[in-house]
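Notes for the structure review
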Amino acid sequence: MSENKMIKIFDTTLRDGEQSPGASMNIEEKLRIAHQLERLNVDVIEAGFPIASDGDFEAVKKIAQTIKGPQIAGLCRANDKDIDRAWEALKYAKERGRIHTFIATSDIHMKYKLQMDEDQVLATAVKAIERAKRYTDNIEFSAEDAVRTRLPFLERVVEAVIDAGATIVNIPDTVGYTVPSEFFEIIAYLRNNVPNIDKATISVHCHNDLGLAVANSLAAVQAGAGQVECTINGIGERAGNCSLEELVMTLRTRNDVLPYDTRVATEHIYPTSRMLSTITGIMVQPNKAVVGANAFSHEAGIHQHGVIMEKSTYEIMTPESIGLNQNKLVLGKHSGRHAFKQRLEELGYDLKKEDLDKAFVRFKTLADQKKEIFDEDLDAIIADEIIRVPEKYKLMQMNVSSGSFAAPTATIELEINGKVKKGAMIGAGPVDAAFKSIKKLTGSKANLLAFNVGGITGGTDAQGECTVRLEEGGREVLGQGAHPDIIVASAKAYVNALNKLASTMERNRIRI
Ligand SMILES: CC(=O)SCCNC(=O)CCNC(=O)[C@H](O)C(C)(C)COP(=O)(O)OP(=O)(O)OC[C@H]1O[C@@H](n2cnc3c(N)ncnc32)[C@H](O)[C@@H]1OP(=O)(O)O
Ligand SMILES: CC(C)C(=O)C(=O)O
Ligand SMILES: [Mg+2]
C-alpha cells in the first residue's frame, strides 16, 4: 500500500483573512482564533503583519508567546525595518517562528508599484533572506503575483532565494487569475527546472477572484506543492483565499483520487467557522460548501427519502466529520452549568470562571424566552457578553414606539465613557429612529454603509442577529448585535460598530 503524501496547512486567516474589509480583529479576538486554529491542528498560523500597526505587532507577539503547537509566521516586506520588526514579535516562538517575506515579481507590479527592474527585485529578495537569516532558518519567501510573472524570471528568483536560505518558497496567485491546468504547469515547471528546488518546500497561495482558489490549490498539490495557504471560510483580500475547510475536506473525502493527507483535526472545522463569523460578523452564505447552513440539509422529498433510507445517498461526508454534532445535549432552561460549559468547550470557547458565569446568566435569560438554545445562540451570547471590544459606548436601555399610525420614535439611554446620556428621535421606521438617536447622543460622523437583519435559528422565538457596517475616515467596521427583539439587536449592532470604530482609531493612532 502506498503512503499518502502529507500536505502542510498554512492558515492565514489572521493575516490575509484579516485583510477582508471589516474583518479587523483586536488582540484578544486574534488570540481566540489562534487557540482554535491550534485545536484544528494546522501546521502554521500566519498571525499578522507586525509592521502594520502596534496592535498587530502585539497580536503576533502574544500569539508567538502563547500558542504551542503550530509554527507562527509573520509577514514582512523585503526590507530590513519590516524584517527586524517581524522577528521582534516572532522571536518568542523560537524555532517555530517563521519570517515570511515577499516582493512582487510580475512585470506589471515591478513597473507600476515597485518601480524596480528584474535585477533590483532579485537583489532585494536575496538581501531580505540574508537579513532574515540573522534571526532564523525558518524563512518563507513569496513571489507576489507569481502567476503573472515571466516564468524564466520566476525560476531565477526561486533559485536565488533558496540559495540565500529560504526553506519555503510560496507561489501566490495574488489576483486569482490562473486556472487549474495552467497552475499545475507552473508548479511542475518550477519543480523540473529550478536546480535546488529539493532544498525547499513549494507552497501555494491562491485567491478566489474567479472562484478557482481551491481547484487551483489542488492542482498545485498534484504538481508537487507541499504546503497550501488558506483561510477559514475562505475570507481574505477581495473575493478571499482558498478555503481551508473546502481544501481539507476534499482531500479527505476524495482520498481515492487525491492521495494526500493533512494533520487537520476536521471535527473542529465547524466550530472554527462559527467562531470566525461571530468575531468578524462575516457570515457564510447558506449554500457555502462544507460549513454553510444548508450544507447538510435536505429539502426535497426524494432526497429526504434517500437520506432516511441511507445517509450516503445524498451525503458525501458526515456532519460529525466537521464537528456538526447532531446528538448533542439539548440546552434549555432546565440545563445546568456542566452541560452549558461542555457545549461551549466543544465549540472552542474555553472561558474563565467569571466569563462563564456571565454567559450562563445570559443563557438562562434567553432560555426563558425561547424553547431550545442552539449552537448559534451560544455563539451570539459569547459574542455579546465576552468577545467585546472596549466599550466606550454602552446601550443601557431603549424604548421604541412604532406602527402604521404614529411616527416611529426611539428613546435611547447610553453610557458614554461612564456618563449616562438619554435622548429621543423620530425616524422613517423604528430602526432609523434608533440609529438617529444613537448618532445624536454620540455625536458620531460615521456613515452607515449597510444594515442586515437575520434570524440566527428558526422560529418566531429565534434571536435576531443584526449587522451594521459603518465607515469613518476611510475605516470600515462591522458591528453585530443579537437579541430576540430585532430593534434592540439593531441598536446593539450600531453601538458595537461605534465601539469598533473608536477602538480601531485608537489602535491606529500611533503608526510606525
Ligand atoms: C498581496 C498582499 O496581500 S501583500 C500584504 C498586503 N497587506 C497590507 O498591506 C496590510 C498592511 N500594510 C500596512 O499597514 C501598510 O501598507 C505598511 C505599514 C506595510 C506600509 O505603509 P506605508 O509606508 O504608508 O506605505 P504604503 O502602504 O502606502 O505603500 C507601500 C510601500 O511599500 C513598497 N512595497 C510594496 N511591497 C513591497 C515589498 N514586498 N517589499 C518592499 N517594499 C514594498 C511600495 O513600493 C510602497 O513604497 P513607497 O512608500 O516607497 O512608495
Ligand atoms: C503576501 C502574499 C503571500 C499574498 O498574500 C499574495 O500574494 O496574495
Ligand atoms: Mg494574499
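Remember, it's a predicted structure, so these values are computed and weren't measured experimentally. (Residues numbered from 1 in each chain as written. Chains lettered and ligands numbered in written order. Predicted model: local features only at pLDDT ≥ 70, side-chain atom pairs only at ≥ 80, totals over all residues.)

Some points on the overall build of the protein chain
- Within the protein chain one finds 16 helices and 16 strands.
- For 512 residues, the compact-globule estimate of 2.2 N^0.38 gives 24 Å, and the protein chain sits close to it at 24 Å.
- For the C-alpha atoms alone, the extent of the protein chain along its principal axes is close to 75 × 60 × 40 Å.
- When the 512 residues of the protein chain are sorted by exposure, 47% land in the buried category.
- Considering only intrachain contacts with a sequence separation of at least 6, the fraction spanning at least 24 residues in the protein chain is 66%. (Helix = DSSP H or I, 4+ residues; strand = E, 2+ residues; numbered from the N terminus. Rg over C-alpha atoms; globule rule 2.2 N^0.38 Å. Buried ≥ 20, exposed ≤ 12 C-beta atoms within 10 Å, placed from the backbone. Contact = placed C-beta atoms within 7 Å.)

Quick notes on the site of ligand 2
- The environment of ligand 2 is made up of Asp16, Leu75, Phe102, Ser142, Glu144, Asn170, Pro172, Thr174, His205 and His207.
- Mapped by element, the contributors of at least two residues to the shell around ligand 2 are strand S6 (139–144) and strand S7 (168–173).
- Grouping the amino acids of the shell around ligand 2 by side-chain chemistry returns three nonpolar, five polar and two charged. (Near = placed C-beta within 6 Å. Nonpolar A, V, L, I, M, F, W, Y, C, P; charged D, E, K, R; others polar.)

Topic: the UniProt feature "binding site: Mn(2+)" (unreviewed entry) in the protein chain
- UniProt records the feature "binding site: Mn(2+)" (unreviewed entry) for Asp16, His205, His207 and Asn241 in the present numbering. Across 226 residues in sequence, these annotated residues keep their C-alpha atoms within 10.1 Å of one another, forming a single compact spot.
- Here histidine 205 lies in strand S8 (residues 201–206).
- Dropping the residues within four chain positions of it, histidine 205 is found in contact with Ser142, Asn170, Pro172 and Glu229.
- Judged by local crowding, histidine 207 falls into the buried class, with 25 C-beta atoms found within 10 Å. (UniProt positions renumbered as here; feature names shortened; annotations may be inferred.)

What to know about the nonpolar core
- Core analysis: the biggest nonpolar cluster contains 99 residues, and Ile45, Val169, Ile187 and Val228 have the highest contact counts within it.
- Setting aside its immediate chain neighbours within four residues, isoleucine 45 contacts Asp11, Leu14, Ala34, Leu37, Ile63, Ile67, Pro70 and Ile72.
- Counting residues in each nonpolar core, the second largest holds 43 residues, with Phe340, Leu344, Tyr393 and Ala434 among its members. (Core = buried A, V, L, I, M, F, W, Y, C linked by C-beta atoms within 7 Å.)

What about the sheet that holds S7?
- If you walk around this closed barrel you meet the eight strands as S2-S3-S4-S5-S6-S7-S8-S9, and the pairing is parallel. Going from strand to strand, the sheet's axes swing by 25° on average, the running direction of each strand aside.
- Here strand S4 (residues 71–77) pairs with strand S5 (residues 97–104) via six bridges, running parallel. Residue pairing across strands places cysteine 76 opposite threonine 101, the latter belonging to S5.
- Packed on one face of the sheet, helix H5 (residues 118–133) meets S5 and S6 and runs near 170° to S5.
- Of the strands in this sheet, S7 and S8 touch helix H7 (residues 180–193), which is tilted by about 155° from S7. (Pairing = 2+ DSSP bridges. Axes fitted to C-alpha atoms, helices over the stretch in contact; angles between N-to-C directions.)

Some details on the domain arrangement of the protein chain
- In terms of domain boundaries, the protein chain breaks down into domain 1 (5–280), domain 2 (296–324), domain 3 (328–387) and domain 4 (393–507).
- Look at where the C-alpha atoms of domain 1 and domain 2 centre, and you get two points 35 Å apart.
- Of the residues lining the interface, nine residues belong to domain 1; the matching set on domain 2 comes to six residues.
- Elements supplying a minimum of two residues to the side of domain 1 that touches domain 2: helix H9 (244–253) and helix H10 (269–280).
- Considered class by class, the residues forming the side of domain 1 that touches domain 2 number four nonpolar, three polar and two charged. (Domains from an automatic or database assignment.)

Thoughts on the packing of helix H1 (residues 27–40) against helix H2 (residues 54–66)
- Between H1 and H2, the least distance of the axes is 9 Å, while the angle of their chain directions is 35°. Considering the relative orientation of H1 and H2, their crossing is right-handed. Touching Ile27, Lys30, Leu31 and Ala34 of H1 are Gly55, Glu58, Ala59, Lys62, Ile63 and Thr66, all from H2. (Left-handed = near helix turned anticlockwise from the far one by under 90°.)

Some words on unusual backbone geometry
- In this structure, aspartate 145 is a non-glycine residue whose phi angle is positive, near 60°.
- With respect to the helices and strands, the residue aspartate 145 is situated in the loop between S6 and helix H6 (151–164).
- What makes aspartate 145 buried here is the crowd of 23 C-beta atoms within 10 Å.
- Even without being a glycine, asparagine 233 presents a positive backbone phi close to 60°.

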